Amino acid sequence: MKSFRLLNPTTLDEAIALCADPKGGVTKLLAGGQDLLTEMKEHLAGPDRLVNLKSIPGLDAIEAGAAGLRIGALATLAKIERDAGVRANWTALSQAAASVASPQIRSCATIGGNLCQRPRCWYYRMEEAHCLKKGGTECFAYGGLNKYSAILGGGPSYIVHPSDLAPALVALDAEVTLRSAKGERKLALEKFYVLPEDGGIEKETVLADGEIVTAITAPVPVAGMRSTYSKFKERDSFDFALSAVAASVVIAGGKVTRARLCLGGVAPVPWRVEAAEALLVGRTLDAQAAREAAEAALRGAEPLAQNGFKVPLTKTLIERALLSLAG
Amino acid sequence: MSLQDTPKKKKIKVPKIVNGIESEVEIEVDDVPGGTWPERSSLRLLNHDLPRVDGPEKASGRARYAHDVRVPGMVYARLYVSPLPHARVKKLDLDAARKVPGVVAAIGLQDEPKWLGEPIAAVAAESVEAAEDGLRALAPQLEALPWAVDHAGASRPEAPRVAKDENLGKPETNGDEAKARGALKASAASITAMYTVPIQHHACLETHGVVVDYRGGDEATVYCSTQQTHGFAGEAAKELGLPGSQVHGLNEHMGGGFGGKFGLGLEGQIACRLSKELKRPVHLMLTRRDEFLMGGNRSGTIQTIELGGSAAGDLLGMVATSFKHGGIGRGSLAGQPYIYTVGDTYRAVRSVLMNLDASRAMRAPGHPQASFAMESALDELAYALGVDLLEIRKRNVKGPESWRNEAWKRQLDRAAQEIGWATHPHKTKPGPATGTECIGIGFALANWGGGGRKDCEVEVRIERDGSVSALCGTQDLGTGTRTYMAAITAEELGLPLAGVTARIGSTRMGNSVGSGGSVTTGSLAPAVKDAASNARALMADHLARVMNLPAAGFRFLPEGIVNDQAKAPTVMTWAKACATLPAEGLRANGKWVDTLQTSGAPGAQAVRVAVDPGTGRVRVLHMVSVQAIGLPLNRLALKSQIQGGMIQALGYATSEGRVIDPVLGLHMNANFEEYKLPHALEIPRMTSILDEGDTRNAVVGVGEPPVIPGAGAIANAVANACGARVRELPITPDKVLMALGKVV
Amino acid sequence: MSKGSDRDTDGDSAADLSRRRFLRGAGGVAAGGVIGPALLAGGARAASATTISPPAALPATEELAGLVEIELSINGTARKLKVEPRTTLLDALRTRLEPALTGTKTVCDRGNCGACTVLVDDEPRYSCLQLACDLRGHAITTIEGLGDPTKLSVLQQEFVAHDGQQCGFCTPGFVVAITAALKRDPRASETDIRAACAGNACRCGTQPQVFEAALAAGRRLAEGK
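Residues numbered from 1 in each chain as written. Chains lettered and ligands numbered in written order. Predicted model: local features only at pLDDT ≥ 70, side-chain atom pairs only at ≥ 80, totals over all residues. Heavy atoms only, no water.

Engineer: Hey, could you go over helix H16 (residues 710-722) of chain B for me, with residue numbers and the actual values?
Structural biologist: Residue and element names in this part refer to chain B. With 13 residues, H16 extends 19 Å between its outermost C-alpha atoms, agreeing within 8% with the 18 Å of an ideal straight helix rising 1.5 Å per residue. Counting buried positions along H16 gives 13 out of 13 residues, so the element sits mostly inside the fold. Positive backbone phi, approximately 85°, marks Gly723, located one or two places after H16. (Helix = DSSP H or I, 4+ residues; strand = E, 2+ residues; numbered from the N terminus. Expected span 1.5 Å × (residues − 1). Buried < 20%, exposed > 50% of the residue type's maximum accessible area, 1.4 Å probe, protein only.)

Next comes the structure, spelled out in structure tokens:
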């Protein structure tokens, strides 16, 4: 890693001011460091300063109760995974947290860092490949080795977003709170991510200079809501998703009254499929409905030369995830 | 035998290892009765489960490896290796590197790297951080030159030349093509299929490297991670310009080899050069990325197999057209047909050179590749003929050594029993691709030599205080060498295992074979037994003089030393007996005794898998090995060794393979995130059975056979489960879905 | 190789869609194109950012630069060492302590293999992905702190008895990871044990014996033996 100065602020305002200070050189935020440090070791990032968020108390609280869910951005995945309240009422999030990486990573990786992590595309992760995402002119995966790349929403960059928590949180109608010197703003998590075609090339999120994710919130689930996160890995022990499905449904009187479906590992952003959701509402959640929802979700998929398998794979995952919620 | 008698000589065949690859040579040895191992039922330590004597050091993190060595004044060295397969170095700022605080040396090594990963420069510094800064300061600029890094790119006529010779080598042929094709035509059914295996990495957890401790003067110590301690130190001495006797090689523990750690290597040469110039100790251990690029690999292959048989299942004809991918080297591939006997055969094998590091020996070099193709083709033919998958194998093991054929048949039956073949519904046809869990079974065979040769020199020392040590400058890769050295000696002297200390890994001890080709056990164990036996004889001679009793009457038992010919029976404790020794104790040497070892390690494996046709997921549920091993020295270590081999085959079959982008010339998965080893959730239930039908009272090395059959057995099991025949490793979900026709 | 992009989808040919996406986004900051926010950077800031006046006086923030002396609690002992902010805990243990603690191994240095696993406040972490300076005030336990050859922990004893190690290079990482899991629940099942060391690589293939050792140790710990 390149040398840097490590700053340990004790308040959020200090941290924000440090990030905004132009005299500091290239500045990056340090949370769990489980992604940032690997980027720095590969010289994909070489900040002059790291601003540590762990020295600020009170950013890691988990409140899971009758008022809804509020998780401080510095809460670790291990803490989230073990929280009984989260598991009971925001099950997809609990399952997503438990599916991330390995126990060693989960013990210190944070929810904020997980949502903001950079992609795993092997061209992106190699310093020698000066790809589109890093300021070059070509997405090498597009015409190259693209087995792990996007089948939906891709172009001109074909990365898949690697976060497990993001699709689960989208299926739970989560919002993210951002703080800067200008104040706070809250937006739907779906809106936090930017498609490459909308400019999300060198960055994947709307996070601005001097802005910090401080909390993730989700509403109290509608009575009777069940949610799940299903992650398919090439290597079960420790891997990113080859494809993943987050789903939540409310079933009343034998019919679906509400559905959320969000895919991971197949698109540059967590891929919410409203067409499939709409198709389910008012119907019995049976094999036929699940199959139709899966078809609808993958309509418009544009596989590349080597990742066509993600289409039947994702359909299977969607069908099974939905049926697992049928009760 | 009087001193005037000249012992008769006899000729025997022994393995000869060059860089871990085994061939056979004939040698002459004395024809004297060698000695035999005791009757198995009388063995107290050997043939039992013995906990590893170096287990406590390893489990507590106290075992010291080359990577861990710290000596005063030591500097850390790092390499800059070529990220491109062929390039010209246009700029390399060695001066800037030298000016970086903490950097003590920066040297250029290569102006025009011709293979991906070839070292271009080296930097040495006082800290690991400064060494990294030094590398960055080089600010290299490379001009890409034409390269060839894949089969298509390297074998086409206009391909850029990798070396002086043409990329596509001349075919090495064997057999009669016309006859083989005639036999194929006359077959009741025949199949043609192309099988592809990628380059696999050794992925030793401890990377290659060395600490060269030279501080000026006329001697040096090298702490090496190697499979051949004496050889390594000898090469280091040459590089340092010192006499071999002045360079002490130390290799007490090493973190895995699997065939990849023979010879000083480029990294060792560079470390020696730096240490010589700086007159300071140099620690040079490859980073994980450099290890993937230049640490060696198992060659890839493409094999097109045409195989035909009779209606009853006899193999009549085979034509095997193969290519070896060994980087800038020739690669390796065991000859087809692999193990099975086919009536008329023809094979043609060609090397395809590429701008990639040369392949090296890797656990059974060339065998897993050949096995995968042969076993897969055999199943495909069996389905075409409608013949039972187990029976076709038993029917076609007709090699020249009938004992091996009988062993394979017996082992196949046992493996089939363990895997649940009797009640399995799909014996002649694959199962349907329905539901979420399709169960399949696959079989495959292993074959190996595993005999030893005469190059181990062992010393056993008995001290006056009763302590005993067995010494040899050999290595323990995790193979359990230390433990059986102690056990053999303890068995011989009637001592508990803890009563003997095995000392290895120093060139100040006797010579040893390199640990490759599974020859260590067959070479070392007999020499240890010989040394222990000689020590016992010398002890008996000594006690005979002290106690005035016939030497031949002494017996060394766990309860103490007795003499059958003593008037009044007495038991003398070991401690008391040793107390009568002179101050310098007792020393005995041992050398190889050919009757204590033998060659021949056939084995059979069976695998059960569950395939999910909806996702392509393959779960390996159970792997069974039935292995002939001669006399087991340590059953617990054998179990670990055999399971370990099966797990390496599991990775080979289901998740491993080097990936190179042919256009950009980049190694895409030079890390443990994208080069996927099996971890805990991938490990199936494992059953390791030592073939009870093998009653040979001689030791055989079995490091290699257990890794051979797994990939073929797994591929067969997947096809058997649901009809998904994947002919290219690794068998990942995408390939299964494609084989099932689910990817349009 | 067929390219999926040749299929027709919803009117637009997929090729048109792709080309449109490519042209829309390619080339970075095109006139009229939507610009993603610039990376956090000192000098180069997105043109649309509002001017921010720095606060009048920043509260004191600790800043670490160059070579700093820190104190870490390692295996129950306060240790002073000199590190840079970028020095990982792994490199600190192996190269900046006298004598070095080399039981924790450098194998991948990227948080992929577990050989560098240590405990921080009883939880397993990859020490290669921890900044040493970040661990002041935490309790660090390395393999050396769990036992030594003359006094092995229960788990280490079972590793020896069940042959949980071959070359031994991965062993410290497995022992530490499983120690944490058994501390949480000595009645851990084989499924739990496998999950606990899913982040650890072994090339020699010790895993089946490791699981045996872990279960045996768990039984003893649960019974208080």
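Engineer: Describe helix H5 (residues 177-185) of chain B, naming the residues involved and giving the relevant values.
Structural biologist: Residue and element names in this part refer to chain B. Restricting attention to buried positions, one finds in H5 the residues Ala180, Ala183 and Leu184. The buried side chains of H5 occupy one side of the element, clustering within an arc of 105° when seen end-on. Exposed and facing more than 90 degrees away from the buried side of H5 are Ala178, Lys179 and Lys185. Against strand E9 (189-197), strand E14 (300-309), strand E15 (315-325) and strand E16 (344-351) lie the buried residues of H5. Here H5 starts with a cap whose side-chain oxygen sits 3.1 Å from the backbone nitrogen of Ala178, and that cap is Asp176. (Arc of directions from axis to C-beta. Contact = heavy atoms within 4.5 Å. Polar contact = N/O pair within 3.5 Å; in protein donor to acceptor, adjacent residues only side chain to side chain.)

Engineer: Pulling in residues and values, what's your account of the domain arrangement of chain B?
Structural biologist: All names here are of chain B. When cut into domains, chain B gives domain 1 (9-63 + 452-467 + 477-596), domain 2 (66-145 + 208-285) and domain 3 (362-449 + 598-739). Its C-alpha centre places domain 1 at a distance of 38 Å from the equivalent point of domain 2. Each partner contributes to the interface: domain 1 provides 20 residues, whereas domain 2 provides 18 residues. Summing both sides of the interface, domain 1 and domain 2 together bury roughly 1,400 Å²; the carbon and sulfur share of this comes to 52%. A per-residue breakdown of the area domain 1 buries against domain 2 is headed by Leu477, Gly505 and Thr507, which together make up 40% of the total. For the interface between domain 1 and domain 2, the tally reads zero salt bridges. The interface formed by domain 1 and domain 2 holds nine residue pairs in polar contact (both at pLDDT 80 or more) in total. Taken together, the residues of the side of domain 1 that touches domain 2 break down into four nonpolar, 11 polar and five charged. (Domains from an automatic or database assignment. Buried area = accessible area lost by both parts, 1.4 Å probe. Salt bridge = Lys/Arg side-chain N within 4 Å of Asp/Glu carboxyl O. Nonpolar A, V, L, I, M, F, W, Y, C, P; charged D, E, K, R; others polar.)

Engineer: Can you explain the environment of C:Leu101? Please cite residues and give values.
Structural biologist: Looking at the secondary structure, you find C:Leu101 in the loop between helix H2 (89-95) and strand E4 (117-120). Residue classification places C:Leu101 among the buried residues on the basis of a relative accessible area of 13%.

Engineer: I'd love a proper account of the interface of chain C and chain B, names of residues and values included.
Structural biologist: Listed by partner, the interface residues are 52 residues for chain C and 56 residues for chain B. Taking both partners together, chain C and chain B bury about 4,300 Å²; carbon and sulfur atoms supply 55% of that area. At the boundary of chain C and chain B, one finds seven salt bridges. With a closest N to O distance of 2.9 Å, B:Asp68 and C:Arg94 form a salt bridge.

Engineer: Account for the pattern of salt bridges, with residues named and values stated.
Structural biologist: Taken as a whole, this structure holds 84 salt bridges over all chains when the rule is applied. Close ionic contact of A:Glu234 with A:Lys147 constitutes a salt bridge, the shortest N to O distance being 2.7 Å. With A:Glu234 in the loop between strand E9 (225-233) and strand E10 (241-252) and A:Lys147 in the loop between helix H8 (140-143) and helix H9 (165-170), this pair connects stretches of sequence that are 87 residues apart. A residue is classified by how much of its surface remains accessible, and A:Glu234, at 12% relative accessible area, is buried. By relative accessible area, which is 16% here, A:Lys147 ends up buried. Of the charged contacts, one joins A:Arg320 and B:Asp612 as a salt bridge, the two residues approaching to 2.6 Å between their closest N and O atoms.

Engineer: Tell me about the packing of aromatic side chains, and please be specific about residues and values.
Structural biologist: Residue and element names in this part refer to chain B. A complete count under the given rule lists 11 aromatic pairs over all chains for this structure. Taken together, Phe292, Phe672 and Tyr675 form an aromatic cluster joined through their ring pairs. Its end group placed over the ring of Tyr652, Arg298 keeps NZ or CZ at 5.5 Å from the ring centre. Between Lys427 and the ring centre of Trp421, over which it is positioned, the NZ or CZ distance is 5.5 Å. (Phe/Tyr/Trp six-rings, centres within 6.5 Å; stacked < 30°, edge-to-face > 60°. Lys NZ or Arg CZ within 6 Å of the ring centre and 35° of its normal.)

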